[in-house]
Every structure is written in structure tokens, then in C-alpha cells.
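Next come the chains, spelled out residue by residue.
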Amino acid sequence: MYPVDLFLLTKTKPLNNEEFNKYIKSISKSKRELKVRDYERENLYQLVNLFINNDISTELMKGFYYSYSIYQIGKEFDLIKISTDFVLNIEIKSEFTSFEKIKNQLLINSCYLKNIKSVVNAFTFIANTNTFYKLNHQLEIVEVDINDIKNILLAAFQYINENLDEIISPSHYLVSPFNDIAKFMNNEYFLTNQQLQIKKEILKDVYELSQYKFYKIVGDAGTGKTLLIYDLAKELSKNKKICIVHSGILNQGHYKLRECLINCEIFSAKEFKNCNYSKYEIFIFDEIQRLYEYQFKDFIDYAKINEAKTIFSIGTDQIMQESEIKADINGKIDKLLDLNKFNLSDKIRTNINLSSFIKNIVNLNNVNKNADYDNIDVFYVSTKNEAKDLVHYLNLMKYVYISFTTSIFKPHEIDDFISANNTHTVIGQEFDNVVMIIGQNFRYVDSRLHSPKHPNPNYIFSKLFYQGITRAREKLAIIVHRNPELYRTLIKIKQNNEEE
């Protein structure tokens, strides 16, 4: 989205609401549909008229991003203007609500916008009284005069005229509990409205209702399951003893969180076998679909008898092994009594174009002509050394290389490309930029990505690949080794089927 001229927006009164939203989308070059309501338009017109009546030049009304929302997060702003020295934010209300609500909104807005400029001037305009409130340096809400607004607008005369989607990156706000530990522990992150609602319902039931014993949070890769359950663990651990079970291999982030979290212990699935259940009040399972079937049964038997509150996090698209399909932990959870189920449907971790590209890789029929794949690169190499040299180069460019988990049963070409970060060790983690190598074992059958058997008969190659590429937040690079047909197909996807 690009900035618009607020004064010129007041000359759109004959348009109905649908026409107005299309007009704003057009002049701001927004890639998303806008949903400005009638009363919001009237409030904006009133703000502009107030400016005019107080001799505020129309030149100062240029350069505002109007009705902007951060995609994937759903955070909305009424007005943003980026000057050379600070960010100006004006939120518009029909009427006064409360100082607390105004303060909370401006505090949250300031936290978001400080990723653009360190100085944020945040105001709220109340339309029915023509009054302004400001969040001051003491983080208090104070009423300000129109002349204060005028001075701020004068200071913001020079402004940035760029695409705000390229200035604000969702990855700045979507932290990983494992890869952004300091930010996580300092609460320097935000939950989406969907995550907040699930959190609210679970906490309310745990502390007030006790209606359910079990809670299941389901979501595909990138929907924020892990952040949500660790946020819940941090909140619940203030007055309850928490046990978190990661159904896989613990990463370095897990070990660091062990030291940081109070009243909260983290176990791998292997360690959980020897866990003393009675020490804990609440259990949280991350990636529960990977837990061994016998462990799941033993724990459920205990939880039913002792009424242990339990939160399950499960990714139905993150199955990587034949044994996980056979165990069907997800189906077993659904049969539990006293179960409350939640679904995370919004992709938040990966950007929209990366998510679209990944969908198209999995299924060639999932074409999105509106997607921009500039952040995806596909390379071809014909030798192992070429592949290793390219990975080294991309490492220097801040890409994290994720290799396929190897087998102890028999050798395979993937053994030549191992790294510390493999498709099992990165479970639950995320990285800004990811690179993977795929070879001769991949092809398309009936438009779907297909691969032969993994040397470990329990692993599913295509699922491992999906696990790896969905760890990326911003950029993805795929190195194709000795598979020209696959390379041509991936290049065609990257070009977004332009030739068709």
C-alpha cells in the first residue's frame, strides 16, 4: 500500500461504500481488499474538515497510509505517516470509550511501529467531540490541542512515499520461542486475534470453569501453534506447575528455555518416558502426532484418573513418518471426552507469496496468478561439490540450510548433504531464509509432488521436504541436484506460469 492525500479523499462523497473501497484500493495500490465502513468515512471527513478550519495546509495532509493492516497478523491502523524522523499514527474513534482502551491501543500501535522508526507519535481523534489524545513519554494518555497536531504535521512535512508492505515485515512481530528467546521472554511479540481468542478461552476454562480436561489446538505449518502454546505455558506457569513435552528432538532453544522459564519443565518424548507425572498440574504436548502410541495411551490413562489438564498441539499437515499415520494420535484425541477443540486457520509465519509458492510445489494445480515469487530462488547443480559450494554461498547470504534426515539402515545420496539442521531437528523452529537440496528422487505424478521410498522405510520423503521448506518466514531457495525435469517445473512455478 502507498500513501494517499487525505484532503482529496474528502472529494469522494458521492461514492457508495463499495465504490469508495475500490477507489482507495486503486489509488493506494493495495494488494488487499479494503473494508472501510460508512461511519469511518464520515469520521475521516470530519477530521479533515477540522484541519481545514484550523488553517492546517492541505500540503500537510499528503502522505498518509489509510486503513492499513499488517497481512497475516490482522493488526489494523487508521492513519500512518512516516516522516524522516518519526512515525505519526492517528486512530479515529466515533466517540470516547475509556482512557484504558485508548492507552492500550496506542501502546500496542507504538510497539508495532517502532520497527519502522524508533520515535512514534501516537494520537487518538474522537470525532463527536473533535478532541485529540496523545500517548506521552510517561506512557500516559493526555488531551492535546489542535495546535499540537498542527506542529506534528509540520514536522512530518517530508514523508516517505513507499510501499508500506515492503517496510513492515510480519517477521518482525512473529517471533519463535526457540529462535527469538530474548524477545519471547521479554514479551516482545504479538498474538493474532485468533490466537488471543483461543488463549482467552483456555485460560478462562482452566481458572474459572473447569469444564474440560483436554484442549486440542490444530493448525497447519505457519499458523502459530508453537508460539501460542509456549505463550500459554509462560502465562500458566505464574501459578501452576507446567510440563511441556516436545514430541521430537529438543533443539538449542528448548535447552535455553529450560533455564528461562519458571515452574515449567520441557522434555523430549524420550525423556518423558521417565517423567513423574504427579509433579505437574498442567501438561502441554507440542507436535503430539509424533508421540509414540504407547506413551500417549499411558499418559491418557493417568490424565483421566487424575483429571490432569492437558493441551495438545497438532499439525495435521506435518506428518513425516508412516508410524505417525498408523498411530493416528489425532483421531484418538478426538475420541476423548471432555475435549475442547480449536483450529488455527490463518497462515501467519510465512509471507503470503511464500505460502502460495509452497502450495504450488505440493500441487501443480494450486496456481496463484497474483503471487509475486521474487523471494524464491531455484538453482540447478550437476555435482555434489557444486551443491555444497552453493549452500556455502547461501549460508553467507544468511540462509539456513536444512538437510533431509538420514537413515541408519542403508546409504543414500542425501548422506552427502547432511547438516546440523535436518528435517527432524528443526521441528517447531523457523528461520527468515531457508535453503534445501532435492535430487533425483522427486517427481510429479498427477500434478502432485511424489518421491520414492526413503532409505528409512518409516520416513516419507515428500513430507520431510514440506517440513523443511515450511520453516522459512521470508525467503526460500531450492537447489535441484541432477533432476532437470524437476528443475524446469519449479522454474515454471517461480515464473508463475507466465507462458500459459
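Everything numeric here is computed off the predicted structure, so don't read it as measured data. Within any chain, residue numbers begin from 1 and follow the written order of that chain's sequence. Only residues with pLDDT of at least 70 are given local features in this predicted model, and only at 80 or more are side-chain atom pairs given and counted; all residues enter the totals for whole chains, interfaces and linings. To obtain the side-chain values, all non-hydrogen atoms of the structure were used and water was disregarded.

Asker: Break down the overall build of the protein for me, with residues and values.
Answerer: What the protein contains, in helices and strands, is 18 helices and 18 strands. Here the C-alpha radius of gyration of the protein, 26 Å, is about what a compact globule of 500 residues would show, namely 23 Å. Viewed in the frame of its principal axes, the protein has a C-alpha envelope of about 80 × 60 × 40 Å. Three labels apply to residues, based on accessible area from a 1.4 Å probe with only protein chains included: buried if under 20% of the type maximum, exposed if over 50%, partly exposed otherwise in between. Here the protein holds 500 residues, and the buried ones make up 54% of them. In what follows, a contact means two residues having at least one pair of non-hydrogen atoms within 4.5 Å. Taking as baseline every contact in the protein between residues at least 6 positions apart, the subset at least 24 positions apart corresponds to 73%. Using a 1.4 Å probe, accessible areas were evaluated by the Shrake-Rupley method; residue-level cover was limited to the displayed protein chains. Total accessible area on the protein is roughly 23500 Å²; 47% of this is exposed by carbon and sulfur atoms. Neither His nor the chain ends is counted toward charge; the positive residues are Lys and Arg and the negative residues Asp and Glu. Where a charge lies is defined by one atom per residue type, namely NZ (Lys), CZ (Arg), CG (Asp) and CD (Glu). Separation between the mean location of the 63 positive side-chain charges and that of the 63 negative ones in the protein comes to 4 Å. Helical segments are the DSSP runs of H or I of at least four residues, strand segments are the runs of E of at least two, and each set is numbered from the N terminus. Computation of the radius of gyration draws on C-alpha atoms alone. For the globule rule, the value is 2.2 Å times the number of residues to the power 0.38.

Asker: Talk me through the side chain of N360; I want residue IDs and the actual numbers.
Answerer: Relative to the assigned elements, N360 resides in helix α15 (residues 352–362). Its relative accessible area of 1% is what places N360 among the buried residues. Side-chain polar atoms of N360 contact the backbone oxygen of L364, separated by 3.3 Å. Throughout this description, a polar contact denotes any pair of N or O atoms lying within 3.5 Å of each other; where both atoms belong to protein, one of them has to be capable of donating a hydrogen while the other can accept it, and for residues adjacent in sequence the pair is counted only when both atoms sit in side chains.

Asker: Kindly report on the nonpolar core, identifying the contributing residues and their values.
Answerer: As used here, the term nonpolar core means buried Ala, Val, Leu, Ile, Met, Phe, Trp, Tyr and Cys residues forming a set that is joined through side-chain atoms within 4.5 Å. Core analysis: the biggest nonpolar cluster contains 59 residues, and F51, Y66, L79, I80, F132 and L164 have the highest contact counts within it. Looking at this core element by element, the count peaks at six residues for helix α3 (residues 38–53). Setting aside its immediate chain neighbours within four residues, L164 contacts M1, Y65, Y68, I80, I82 and I116. Counting residues in hydrophobic clusters, the runner-up holds 36 residues, among them A221, F357, M436 and L464.

Asker: Account for the sheet that holds strand β12 (residues 339–344), naming residues and giving values.
Answerer: The strand order across the open sheet formed by six strands is β9-β8-β10-β11-β7-β12, and the pairing between neighbours is parallel. For this open sheet the edge positions go to β9 (264–268) and β12, each flanked by a neighbour on one side alone. Direction aside, the axes of adjacent strands within the sheet are offset by 15 degrees on average. A strand pair is defined by DSSP finding two or more bridges across the two strands. Relative to strand β11 (residues 309–314), strand β7 (residues 214–219) runs parallel, the two sharing five bridges. Bridged to V218 within β11 is I314. Those strands touched by helix α8 (residues 193–209) are β7, β10 (282–286), β11 and β12, and its axis lies near 165 degrees from that of β12. In this description, a line fitted to the C-alpha atoms serves as the axis of each element, helices being fitted only across the stretch in contact, and the angle between N-to-C directions of two axes falls anywhere from 0 to 180 degrees.

Asker: Before we move on, can you summarise unusual backbone geometry with the specific residues and values?
Answerer: One non-glycine residue, E307, lies in the positive phi region at around 50 degrees. The residue E307 is located in the loop between α12 (293–306) and β11 in this model. In this model, S447 sits at a positive phi of 70 degrees, which is unusual for a non-glycine residue. Along the chain, the position of S447 falls in the loop between β16 (443–445) and β17 (448–450).

Asker: Describe the sheet that holds strand β1 (residues 65–70), listing the residues and the values that go with them.
Answerer: One open sheet holds the six strands; their spatial order is β1-β2-β3-β4-β5-β6, and the pairing between them is mixed. A strand with exactly one partner marks an edge of an open sheet, and here the two such strands are β1 and β6 (141–144). Strand-to-strand twist of the sheet, defined as the mean angle between neighbouring strand axes without regard to direction, takes the value 35 degrees. Both strand β2 (residues 75–82) and strand β3 (residues 87–93) contribute to a ladder of four bridges, which runs antiparallel. Its bridge partner being in β3, I82 is matched across the sheet by V87.

Asker: Describe helix α10 (residues 252–260), naming the residues involved and giving the relevant values.
Answerer: Burial in α10 covers these residues: G253, H254 and L257. Viewed along the axis of α10, the buried residues span an arc of 100 degrees, placing them on a single side of the element. What points out from α10, more than 90 degrees from its buried face, is the exposed set Q252 and E259. Close packing links the buried residues of α10 with α7 (181–185), α9 (225–236), β8 (242–246) and β9. In this context, the arc is that of the directions from the helix axis out to the C-beta atoms.

Asker: Mind laying out a negative patch on the surface, listing which residues take part and the relevant values?
Answerer: Like-charged residues are merged into a patch within 9 Å and nonpolar side chains (Val, Leu, Ile, Met, Phe, Trp, Tyr) within 5 Å, provided each residue has over 30% relative accessible area and no salt bridge. Here, a salt bridge means any side-chain nitrogen of Lys or Arg that lies within 4 Å of a carboxyl oxygen of Asp or Glu. Together, E162, E166, D372 and D374 make up a negatively charged patch on the protein surface. Along the chain, D372 falls in the loop between α15 and β13 (376–381).

Asker: Pulling in residues and values, what's your account of the environment of G428?
Answerer: Turning to its location among the elements, G428 is positioned in the loop between β14 (400–401) and β15 (431–438). Taking the relative accessible area as the measure of exposure, G428 reaches 5% and is therefore buried. Considering only alpha carbons, one finds G428 and K225, 203 residues apart in sequence, at a separation of 8.8 Å.

Asker: Any details on helix α16 (residues 384–396)? Residues and values, ideally.
Answerer: By definition here, a helix of n residues has an expected span of 1.5 Å times n minus one. Taking 1.5 Å of rise per residue, the 13 residues of α16 would be expected to cover 18 Å, and the 19 Å separating its terminal C-alpha atoms lies within 8% of that figure. Turning to α16, its buried residues are A387, L390, V391 and L394. Seen along its axis, α16 keeps its buried residues to an arc of 105 degrees; they face one direction. Exposed residues pointing more than 90 degrees away from the buried face of α16 are listed as N385, D389 and L396. In this structure, the buried residues of α16 make contact with β13, β14, β15 and β18 (472–481). Of the residues one or two after α16, K398 is the one with positive phi, at around 75 degrees.

Asker: A description of the packing of α15 against helix α17 (residues 461–469) should follow, citing residues and the corresponding values.
Answerer: Contact pair α15 / α17: the axes reach a minimum separation of 11 Å and the direction vectors enclose 170 degrees. Here α15 is positioned roughly antiparallel relative to α17, judged by the angle of their axes. Mapping the contact onto sequence places I358, I361 and V362 in α15 and F465, Y466 and I469 in α17. Just so you know how the angles are binned, under 35 degrees is roughly parallel, over 145 roughly antiparallel, 65 to 115 roughly perpendicular, and the rest oblique.

Asker: Describe the packing of α8 against α9, and please don't skip the residues or the numbers.
Answerer: It is at 11 Å that the axes of α8 and α9 come closest, and there the two elements cross at 35 degrees. Crossing of α8 against α9: the hand is right-handed. Along the contact surface, α8 presents Q195, I198, K199, I202, L203, V206 and Y207, while α9 presents L228, D231, L232, E235 and L236. Here the contact of α8 with α9 is composed, by residue class, of eight nonpolar, one polar and three charged. In this scheme the handedness of a crossing depends on how the near helix is turned from the far one: anticlockwise by less than a right angle means left-handed, clockwise means right-handed. Each residue receives one of three labels: charged for Asp, Glu, Lys and Arg, nonpolar for Ala, Val, Leu, Ile, Met, Phe, Trp, Tyr, Cys and Pro, and polar for the others, Gly being one of them.

No statement about biological role is implied by the geometric values presented.
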